[in-house]
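Next come the chains, spelled out residue by residue.
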Amino acid sequence: MEAVRQPVCLLLSATCVLLTAIIPMVLMHNLGEDGRIARDSGLAFHLVFGLFISGYAACSSLSREMHSGTAAVVLSKPVDRALFFLAKYAGVTVLVFLFSACACISTLLAERTAERFISNSTLLGYVTDWQTGKMLIGAPFVAFLLAGIINYRWKKSFQSSAFFLLFGCLVVVLLVSGLFDQAGRWAPYSLHIQHRIVPGGILVTLALLVLAAIALAFSTRLSIVPTMTLTGAFFVIGLLSDHWFGKLAAESAVGRCLYGIVPNWQNFWCADYLARGGTIPMGVLWGTAVYALAYTGAVLCLGVLSFRSAEIK
Amino acid sequence: MNEKPDESVVVIENLTKVFKDFWRRPKVCAVDNISISIKRGEVFGLLGPNGSGKSTTIKVVLGLLHATRGQVRVLGRVPTDVSVKERLGYLPEESHLYLYLTARETLDLYGKLFALEKRIRKERTEQLLEMLGLVDAADRPVGEFSKGMARRIGLAQALINDPDIVILDEPTSGLDPVGCRQVKDLILTLAGRGKTILLCSHLLADVEDVCDRIAILYRGRIRAHGQVSDLLEERDSLRVTMPAMPPGLTQEVLKLLKEKTGTEPALDHPAMDLETFFLDVLKEASARSEPGSRPAGERSVADYLRPGS
């Protein structure tokens with residue numbers, strides 16, 4: 001819960017939702033590519049904002065606690081260091097899941113908002129779903145307003161209330177939007193929502209979880225700035241993994257080793273599969289999930305080993 | 001683990017702690033070859049100026065830092081043993097708590113770390129909040145607390161498990177005189193129940209009031225140690241306290257003493273210390289302004305911390 005209560009994470013999540021919502025509303029003359037742009041932008045915002053959220057949450061939950069002395073208080077209790085480390089990762093995971101759910105729903109709704117060619121008895125031509133767009137933009141404000149009321153009335157944490165309410169509001173918007181077509185008539189749910197985007201969001205979420213594990217492992221020995229810098233470097237190197245180490249891996253053992261050590265983020269970016277109405281194959285999804293699980297497991301093991309011998313000042 | 005009353009529950013032998021820089025080169029020797037043994041039920045004070053190695057010693061005892069040389073045993077075990085920590089309570093120098101949790105949530109969280117039952121956690125939380133005067137602030141985030149309030153909630157978390165060994169790092173730092181007195185009374189109450197207290201402070205009056213034995217650290221080394229009474233006693237002088245006498249009789253006694261001893265005796269009226277005077281004034285003012293209310297500084301000790309509980 002501590003991770004969810006960090007104002008920075010709430011602000012980044014709300015900004016991600018708003019930017020994702022705005023993109024399809026400001027696009028003009030895209031030759032029918034609005035949906036793709038909204039979808040790709042949504043996934044990109046999901047990844048970029050998620051990078052900051054997972055990195056920051058991992059750093060603040062361990063590195064900051066180690067330097068501020070909070071970790072010392074907790075570890076003076078009967079808490080095993082490995083358990084403490086893994087609990088921190090679990091906390092970050094909850095935050096990443098919550099953020100990812102919000103980001104993923106926003107992408108679904110942004111794609112729904114985007115201009116598309118409609119041809120039926122009442123509509124003919126390119127139509128932007130302004131209703132869905134307005135509801136999507138309104139969701140963070142409604143969540144903040146309700147969280148403010150809850151904070152005023154029941155003295156509950158504004159941040160955590162707002163975070164959960166943001167998710168709740170987005171779910172409501174998704175359901176409402178999914179039950180009506182662009183003309184405002186009732187339609188069976190899912191007819192106008194592109195659920196094939198969800199696996200893309202799941203893959204980005206897996207990438208964020210791997211990244212969070214890397215940041216948390218660095219946090220056991222480094223302060224926030226070096227941790228964020230190294231995690232960022234890992235991200236950039238991982239994006240270029242195929243280019244830098246792919247060829248090298250085919251030629252030498254060192255190359256194979258480097259290729260294996262550096263996380264390959266290309267595995268997690270499957271927006272191309274979604275082009276022209278395509279879907280992400282389940283084999284790709286499962287393969288990447290196994291890769292993410294194995295990589296995260298290995299990084300967490302190293303993190304536990306490092307944390308066991310770390311000195312808590 | 002049943003300890004005999006005079007058994008040492010904390011044993012530090014030839015402890016040296018050297019902090020290293022990024023390149024693993026020695027940077028500073030915070031603790032240099034110190035040996036301390038603390039018996040069960042004892043209130044032991046570690047004194048010293050800032051940077052003398054007090055907090056470092058405590059953190060090695062808690063298993064948070066690793067000794068460079070020497071060894072530490074707490075309840076007969078290495079301090080990194082998790083089971084030892086079930087019987088420890090630790091108040092750090094600064095109250096490092098989760099800023100977004102409320103006071104009640106904070107105590108509940110620390111109670112959970114000791115696997116206390118929900119009912120016990122709730123009882124103790126309420127008792128500690130009442131004892132430390134935090135009932136009105138129980139549902140406020142700890143991040144909004146003043147330094148004194150944060151100190152109190154820090155003290156509460158250190159006592160949530162009713163520990164056998166309480167390690168207090170500057171416990172009265174940031175507290176008002178009423179809070180200081182309350183903490184000192186609490187230490188004496190805990191000691192009365194057979195708890196072992198390791199107190200670390202640079203406030204000499206606090207240490208003098210509550211400690212049985214002390215060690216004075218300076219630049220990582222012990223410069224003096226022993227019973228407080230032994231260390232402070234001036235064996236070559238004597239004080240006699242008695243009710244006030246008529247002026248003539250006083251002069252006669254002084255004259256007699258001068259004749260017999262050959263030295264000039266000093267005469268003065270015993271004075272109460274400022275803390276006692278301050279608390280008396282507050283007590284009186286409190287009783288006068290709110291008849292029937294409990295005077296400040298007289299909040300009860302939590303039931304589960306009372307003698308016989």
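Reading guide: rules and limits
Residues numbered from 1 in each chain as written. Chains lettered and ligands numbered in written order. Predicted model: local features only at pLDDT ≥ 70, side-chain atom pairs only at ≥ 80, totals over all residues. Helix = DSSP H or I, 4+ residues; strand = E, 2+ residues; numbered from the N terminus. Buried ≥ 20, exposed ≤ 12 C-beta atoms within 10 Å, placed from the backbone. Contact = placed C-beta atoms within 7 Å. Rg over C-alpha atoms; globule rule 2.2 N^0.38 Å. Nonpolar A, V, L, I, M, F, W, Y, C, P; charged D, E, K, R; others polar. pLDDT = per-residue confidence, 0-100. Pairing = 2+ DSSP bridges. Axes fitted to C-alpha atoms, helices over the stretch in contact; angles between N-to-C directions. Core = buried A, V, L, I, M, F, W, Y, C linked by C-beta atoms within 7 Å. Parallel < 35°, antiparallel > 145°, perpendicular 65-115°, else oblique. Left-handed = near helix turned anticlockwise from the far one by under 90°. Expected span 1.5 Å × (residues − 1).

Novice: What is the right way to look at the overall build of chain B in this model?
Specialist: On a plain count of helices and strands, chain B comes out with 10 helices and nine strands. Each principal axis of the C-alpha atoms in chain B carries an extent, and together these give about 70 × 55 × 40 Å. When each of the 309 residues of chain B is scored for burial, the buried share is 39%. Of the contacts made within chain B by residues no fewer than 6 positions apart, 68% connect residues no fewer than 24 positions apart.

Novice: What should I look at first to understand the overall build of chain A in this one?
Specialist: Along its length, chain A carries 11 helices and two strands. For chain A, the sequential pattern of α-helices and β-strands runs α-α-α-α-β-β-α-α-α-α-α-α-α. Relative to its length of 313 residues, chain A is compact, with a C-alpha radius of gyration of 21 Å against a globular reference of 20 Å. Counting only C-alpha atoms, chain A reaches 70 × 65 × 30 Å along its principal axes. Per-residue burial for chain A yields a buried fraction of 46% across its 313 residues. A sequence separation of at least 24 residues applies to 76% of the contacts in chain A between residues at least 6 apart.

Novice: Would you explain the interface of chain A and chain B in this entry?
Specialist: One widely used convention gives an interface's size as the accessible area the parts lose upon coming together. Listed per partner, the contact involves 18 residues of chain A and 22 residues of chain B. Residue classes in the side of chain A that touches chain B are distributed as seven nonpolar, five polar and six charged.

Novice: Got a minute to help me understand the confidence of the model for chain B in this structure?
Specialist: Any residue range with low pLDDT should be treated as having predicted coordinates unsuitable for detailed reading. All names here are of chain B. Summary statistics for chain B give a mean pLDDT of 87 and a share of 94% for residues scoring 70 or more. Per-element confidence in chain B is highest for strand 4 (residues 69–74), whose mean pLDDT is 96, and lowest for helix 10 (residues 274–289), whose mean pLDDT is 79. Both confidence scores are given for the complex: pTM 0.83, ipTM 0.83.

Novice: Explain the sheet that holds strand 1 (residues 8–20) of chain B to me, please; I cannot follow it from the model alone.
Specialist: Whenever strands of a sheet pair, they do so through backbone hydrogen bonds, lying parallel or antiparallel. All names here are of chain B. Reading across the sheet, the three strands line up as 2-1-4 and stay open at both edges, with antiparallel pairing between neighbours. Two strands in the sheet have a free side with no partner beyond their single neighbour: strand 2 (26–39) and strand 4. Between one strand axis and the next, the sheet turns through 20° on average, direction left out of account. Here strand 1 pairs with strand 2 via nine bridges, running antiparallel. By the bridge assignment, Ser 8 is partnered in strand 2 with Lys 39. With respect to the sheet, helix 1 (residues 54–61) is in contact with strand 1, strand 2 and strand 4, its orientation differing from that of strand 1 by roughly 115°.

Novice: Help me understand helix 1 of chain B, please; the structure alone is not making it clear to me.
Specialist: Turn by turn, an α-helix covers 3.6 residues, leaving residues three or four places apart pointing in a common direction. Residues and elements named next belong to chain B. Burial analysis of helix 1 places eight of its eight residues in the buried class, which makes it a mostly covered element. By the burial criterion, the buried members of helix 1 are Lys 54, Ser 55, Thr 56, Thr 57, Ile 58, Lys 59, Val 60 and Val 61. Trailing helix 1 by a residue or two, Gly 63 shows a phi angle of about 80°, which is positive.

Novice: Any chance you could explain the nonpolar core here in plain terms?
Specialist: The nonpolar side chains of a soluble globular protein tend to be buried, and buried together. In terms of nonpolar packing, the biggest core is built from 158 residues, with Leu 95, Leu 166, Ala 207 and Ala 212 of chain A together with Ile 167, Leu 198 and Leu 199 of chain B touching the most fellow members. Ranked by residue count, the leading element in this core is helix 7 (residues 198–219) of chain A, at 15 residues. In contact with Ala 207 of chain A, not counting residues within four places along its chain, are Leu 47, Trp 265 and Phe 268 of chain A.

Novice: Looking at this structure, I do not really get the packing of helix 7 of chain A against helix 11 (residues 282–308) of chain A. What am I missing?
Specialist: For any two helices packed against each other, one specifies the inter-axial angle together with the distance between the axes. Residue and element names in this part refer to chain A. Remark: helix 7 packs on helix 11, axes separated minimally by 8 Å, with the N-to-C direction vectors making an angle of 15°. Between helix 7 and helix 11, the crossing angle belongs to the class labelled roughly parallel. Crossing handedness for the pair helix 7 and helix 11: left-handed. Of helix 11, the residues touching helix 7 (which contributes Pro 199, Ile 202, Leu 203, Leu 206, Leu 209, Val 210, Ala 213, Ile 214, Leu 216 and Ala 217) are Leu 285, Thr 288, Ala 289, Ala 292, Tyr 295, Thr 296, Val 299, Leu 300, Leu 302, Gly 303 and Ser 306.

Novice: When you look at helix 6 (residues 177–192) of chain B in this model, what are you seeing that I'm missing?
Specialist: Residue and element names in this part refer to chain B. For helix 6, built from 16 residues, the straight-helix expectation of 22 Å at 1.5 Å per residue is met to within 8% by its first-to-last C-alpha distance of 22 Å. For helix 6, the complete set of buried residues consists of Val 178, Gly 179, Cys 180, Arg 181, Gln 182, Val 183, Leu 186, Ile 187 and Leu 190. One or two residues past the end of helix 6 sits Gly 194, with phi positive at roughly 90°.

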